[in-house]
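Here is what each chain is made of, one letter per residue.
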Amino acid sequence: MTVTLKEAVGAAHSRIYAYGAARGENAVPNDDLIGPIDSSDEWIRQRTGIVTRVRAVAETDAIDLATAAGREAIERAGVDPAEVDLVIVATISNPKQTPSVSAIVADRVGANPAAAYDVNAACAGYCYSIAQADALIRAGAARYALVIGTEKLSDIVDPADRSISFLLGDGAGAALLGPSDTPGVSASIWGSDGSKADAVGMNHRLTDFRDGVAEWPTLRQEGPTVFRWAVWEMAKVAKQALEAAGVTADDLAAFIPHQANMRIVDEFAKQLGLPDTVKVARDIETTGNTSAASIPLATHRLLQENPELSRGLALQIGFGAGLVFAAQVVVLP
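Residues numbered from 1 in each chain as written. Predicted model: local features only at pLDDT ≥ 70, side-chain atom pairs only at ≥ 80, totals over all residues. Heavy atoms only, no water.

**Observations concerning the layout of surface pockets**
Stated precisely, the cut-off is as follows: Here a cavity denotes a set of grid points, spaced 1 Å apart and computed over the protein atoms alone, in which a 1.4 Å probe fits but from which it cannot get out, and a pocket denotes an open set meeting protein on both sides within 12 Å along at least five of seven lines; residues with an atom within 4 Å of a point are reported as lining. Grid points are joined across faces, edges and corners, and a volume is the space filled by probe spheres set on the points. Helix numbers and strand numbers start at the N terminus; a helix is a DSSP run of H or I with at least 4 residues, a strand a run of E with at least 2. Following the grouping adopted for this structure description, the nonpolar residues are Ala, Val, Leu, Ile, Met, Phe, Trp, Tyr, Cys and Pro, the charged ones are Asp, Glu, Lys and Arg, and the polar ones are all others, Gly among them.
Quantified by volume, the largest pocket comes out at close to 830 Å³. Along its surface, the largest pocket is lined by 32 residues, and I92, S93, Q97, N120 and M202 are the ones closest to its centre. Roughly 480 Å³ of internal volume is contained in the second largest pocket. Taken together, 30 residues make up the lining of the second largest pocket; nearest its centre are S163, L167, Q221, G223 and V226. Only α2 (41-48), β10 (219-221), α7 (223-245), α8 (262-272) and β13 (313-320) provide two or more residues apiece to the lining of the second largest pocket. If you tally residues by element for the lining of the second largest pocket, the top one is α7, at 5 residues. For the lining of the second largest pocket, the per-class residue count stands at 18 nonpolar, 9 polar and 3 charged.

Structure (structure tokens):
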């Protein structure tokens, strides 16, 4: 007798229902950081576009930030937390190697026993997670998915490092996805270039710190290398994402790149030939670079300030450590 296995059957499409956000409690202006790096407010503004960044107090960790953002997204979506059956958290700042942030957050927001796992793809982690949530909903592996990017990067910053320390902030952004009758998330363009993994990442291993042969590991980057890669190579990826979605720059309502650096954001917009009608996210000015959290945080703010963007198309692209990248077009809730 031949036995045929049953397969899960999901929704035809998925879409984002709502966003949530949580930012670090303290606003940290440039003047508070310039001493250890022998710099100035003007230098930081010219190089990065950052005026201030948000950082969390010592008692707040990435899990706390993720919980707050996730709760808001679920509440705004009008979905019963118990119906959320998948939680994906993108982060590089889990305060412990294990357990996962996602499992703890799932319990805290009332989604226990949802499937839960973390994604470590740095600044591309949120876009990676959106691609996975969309695919899993359409495959029938989940109905409602909570996707969160959360970081407390102030825990892994060397205040004296001139390459990246003044860029970084703390926060979490969340999106609640569910079934849809029409497409709400396009095909994703994603990949990596591990040959350039040393361009941005941690300067030491945890085992080196344990063994007393290195200081506490902190983030470092080769600024010129990352800038050139982001501007030229990621602009190509963004164009591929538009083509994969079957749309053009003229169809967009918003462009929401990873908030790495204002100069990169502005050059991106120029490379893509975005019309003046497209709103470009520039959350980095007052939030800083929050890695995996930056795109959902920027989207949350953009929608708050421009409610007319609702139901419009947004091109989002994440890129970062390990030279990992992902981009897709989404319909804004």
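**Describing helix α4 (residues 101-108)**
The condition is simple: Type-normalised accessible area, obtained with a 1.4 Å probe on protein chains alone, sets the label of each residue: buried when under 20%, exposed when over 50%, and partly exposed for intermediate values. Arc definition: it is the arc formed by the directions from the helix axis to the C-beta atoms. Should any heavy atoms of two residues lie within 4.5 Å, those residues are considered in contact.
Buried residues of α4: V101, S102, V105 and A106, and no others. End-on, the buried residues of α4 take up no more than an arc of 130°, which puts them together on one face. Of the surrounding elements, those touching the buried residues of α4 are α3 (62-77), β4 (84-90), β5 (115-119) and β6 (144-152). Immediately beyond the C-terminal end of α4, within one or two residues, lies G110, with a positive phi of roughly 90°.

Spatial relationships are all this shows, so hold off on functional conclusions.
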